[in-house]
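# Coordinate inspection notes
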Amino acid sequence: MSFTAIVVFVLVAALAAVNGSNDVPKGVATLAGAGVTKYRSAILWGTITTLIGCVCSLGLASKMTALFSKGIITGATTDAFAVAVLAGAAFWVGLATLLRLPVSTTHALIGGMVGAGLLMSTGGVSWSAVGSKLVTPLLVSIVVAYGITLILAVATGAASKRRAATTPPATAAPDGGRVAVKTAPAPEKTSAKFMTAAHWFTSGATGFARGLNDTPKIVAIGAFALVPAGMRPWHIMILVTVAMAAGSLLGGMRVAEKLGEGVVKMNHREGFLANLTTAALVGVGAGAGLPMSTTHVSTGAIAGSAGPNLSRISGGTVRNFLIAWLVTPPVAGVVAALVFIWAR
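Residues numbered from 1 in each chain as written. Predicted model: local features only at pLDDT ≥ 70, side-chain atom pairs only at ≥ 80, totals over all residues. Heavy atoms only, no water.

Right, let's talk about the overall build of the protein chain for a bit. On a plain count of helices and strands, the protein chain comes out with 13 helices and two strands. The proportion of buried residues among the 344 residues of the protein chain is 52%. Taking as baseline every contact in the protein chain between residues at least 6 positions apart, the subset at least 24 positions apart corresponds to 86%. Within the structure as shown, the protein chain displays about 14,600 Å² of accessible surface, and the carbon and sulfur contribution to it stands at 71%. (Helix = DSSP H or I, 4+ residues; strand = E, 2+ residues; numbered from the N terminus. Buried < 20%, exposed > 50% of the residue type's maximum accessible area, 1.4 Å probe, protein only. Contact = heavy atoms within 4.5 Å. Areas by Shrake-Rupley, 256 points an atom, 1.4 Å probe, with all protein chains shown as cover.)

In structure tokens:
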């Protein structure tokens, strides 16, 4: 293996690790934020389910791999291009994780590919693909995630109020005391157990969808240099999977607390709804080759879980997130361009 291939190998592992630290908490932060479990347990669950998604990604998300392999860059790629894109994305996602900011690895990779691609060859970037298959799904997914979760929150909240209104009041005893009406506690306990199980399931489904969505992107960029060096795509997938798991276990706490409590103080039902929306959108997007950002989808869904009461949403936290999202492509692109100049 050449020196350049070794550098790409290390950068793939680094990007996967910081991706794990920044992205794995996005599906399970609601578990801890709603008080269902502790953050460490939630992150472990997210790591396990993400690993399953990673392993399944090569078979179930082939359209995503093709998009990041050939759909954005029209010309022949070089080893220097792979080094530059990975370095730009890893730099920004790693820095954002240290700053406790959930950012999009997808956006960082796109920024890096555009930054290095513009220097690699004239007309090397397919702007139509960047717009129709990347930017549009990423932006629309935020609005859709917010809208779906908002509708679900309003509908389920109204249903909860109706159930509470139909609960019979306590009756008066002959001696003037109060006697609670004998209602069967079993349905309430069953409902609570079902909600807990459903919340864990949707959190796990989000982790699975995230692994399915992000792994092919990193594998595709690494393959530019590692496949010619003798590695197969499934070798790169194993590297990404292991590094992503290590990153989530070592650094996942930094972003988890921000998402779990910083955007909205949510309850059990709201956390479940946010994850239900996130898992559905990201999972469908991965299978269809539409690279939605788990960051944007999960944040939009968490904000939507507050329902129509916008005062519950932390404006300062959302503002910081938006700033980080806006600077992600240009920062990753500039770093990638500088590295490409040095590496070519």
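Once you've had a look at it, read on.
It is worth spelling out the packing of helix α5 (residues 79-98) against helix α6 (residues 105-120) at this point. Contact geometry for α5 and α6: axes closest at 8 Å, N-to-C directions at 145 degrees. The two elements α5 and α6 meet at a crossing, and its hand is right-handed. In this structure, α5 contributes Phe81, Ala84, Val85, Ala89 and Val93 to the contact, and α6 contributes Thr105, Ala108, Leu109, Gly112, Met113, Ala116, Gly117 and Met120. Of the residues belonging to the contact of α5 with α6, the class tally is ten nonpolar, three polar and no charged. (Axes fitted to C-alpha atoms, helices over the stretch in contact; angles between N-to-C directions. Left-handed = near helix turned anticlockwise from the far one by under 90°. Nonpolar A, V, L, I, M, F, W, Y, C, P; charged D, E, K, R; others polar.)

Okay, the pattern of salt bridges next. Two side chains bearing opposite charge may form a pair once their charged atoms approach each other closely. What the rule picks out here adds up to five salt bridges. The shortest N-O distance in the salt bridge between aspartate 23 and arginine 210 comes to 3.6 Å. Here aspartate 23, found in helix α1 (residues 3-23), pairs with arginine 210, found in helix α8 (residues 186-226); they are 187 residues apart in sequence, far enough to count as distant. Residue arginine 210 is classed as buried on the basis of its relative accessible area, which comes to 1%. (Salt bridge = Lys/Arg side-chain N within 4 Å of Asp/Glu carboxyl O.)

Within soluble globular proteins, side chains that are nonpolar tend to cluster in buried spots. Counting 80 residues, the largest nonpolar core has Val12 and Phe81 as its most contacted members. Excluding anything up to four places from it in sequence, valine 12 contacts Leu86, Ile218, Gly222, Leu226, Ile236, Leu239 and Val240. (Core = buried A, V, L, I, M, F, W, Y, C linked by side-chain atoms within 4.5 Å.)

The subject of this paragraph is unusual backbone geometry. Its identity is not glycine, yet arginine 100 carries a phi of approximately 65 degrees, on the positive side. Looking at the secondary structure, you find arginine 100 in the loop between α5 and α6.

Right, let's get into α1. In a regular helix each residue adds 1.5 Å, so 21 residues correspond to 30 Å; α1 covers 30 Å between its end C-alpha atoms and thus fits that length. Three or more residues of α1 are buried, namely Ala5, Val8, Leu11, Val12, Leu15, Ala16, Val18, Asn19, Gly20, Ser21, Asn22 and Asp23. (Expected span 1.5 Å × (residues − 1).)

Further remarks concern the side chain of serine 203. Here serine 203 lies in helix α8. Reaching out from serine 203, the side chain makes a polar contact with the side chain of asparagine 275 at a distance of 2.7 Å. Once you skip the residues sitting within four places of it in the chain, serine 203 turns out to touch Gly27, Val28, Thr30, Leu31, Trp45 and Asn275. (Polar contact = N/O pair within 3.5 Å; in protein donor to acceptor, adjacent residues only side chain to side chain.)

Bringing the packing of α1 against α5 into the picture now. The contact between α1 and α5 brings their axes to 9 Å, and the two run at 30 degrees. Viewed along their axes, α1 and α5 adopt a mutual orientation that is roughly parallel. Regarding α1 and α5, the two cross each other, and that crossing is left-handed. Of the residues in α5, those touching α1 at Thr4, Val7, Val8, Leu11, Val12, Leu15, Val18, Asn19, Ser21 and Asn22 are Asp79, Ala82, Val83, Leu86, Ala87, Ala89, Ala90, Val93, Gly94, Ala96 and Thr97. Tallied by class, the residues present in the contact of α1 with α5 amount to 14 nonpolar, six polar and one charged. (Parallel < 35°, antiparallel > 145°, perpendicular 65-115°, else oblique.)

Attention now moves to the environment of threonine 202. Its place among the elements puts threonine 202 in helix α8. Expressed as a C-alpha distance, the spacing of threonine 202 and valine 28, which sit 174 residues apart in the sequence, is 8.8 Å. Excluding residues that lie within four positions of it along the chain, threonine 202 makes contacts with Phe272, Asn275, Leu276 and Ala279.

Together, Leu44, Ile48, Ile52, Leu249 and Leu250 make up a nonpolar patch on the protein surface, roughly 490 Å² of accessible area in all. Among the elements of the structure, α3 (39-60) and α9 (233-251) are those that each provide at least two residues to the nonpolar patch. Here the element with the most residues in the nonpolar patch is α3; it accounts for three residues. Its place among the elements puts leucine 44 in helix α3. (Patch = residues over 30% accessible without salt bridge, like charges linked within 9 Å, V, L, I, M, F, W, Y side chains within 5 Å.)

So, about the environment of valine 264. With respect to the helices and strands, the residue valine 264 is situated in the loop between α10 (253-262) and α11 (268-288). Note: C-alpha distance between valine 264 and serine 305 (41 residues apart in sequence) is 8.2 Å. Contact partners of valine 264, with chain neighbours within four places excluded, come to Ile302, Ala303, Ala306, Arg312 and Ile313.

Coordinates in, geometry out; function isn't part of it.
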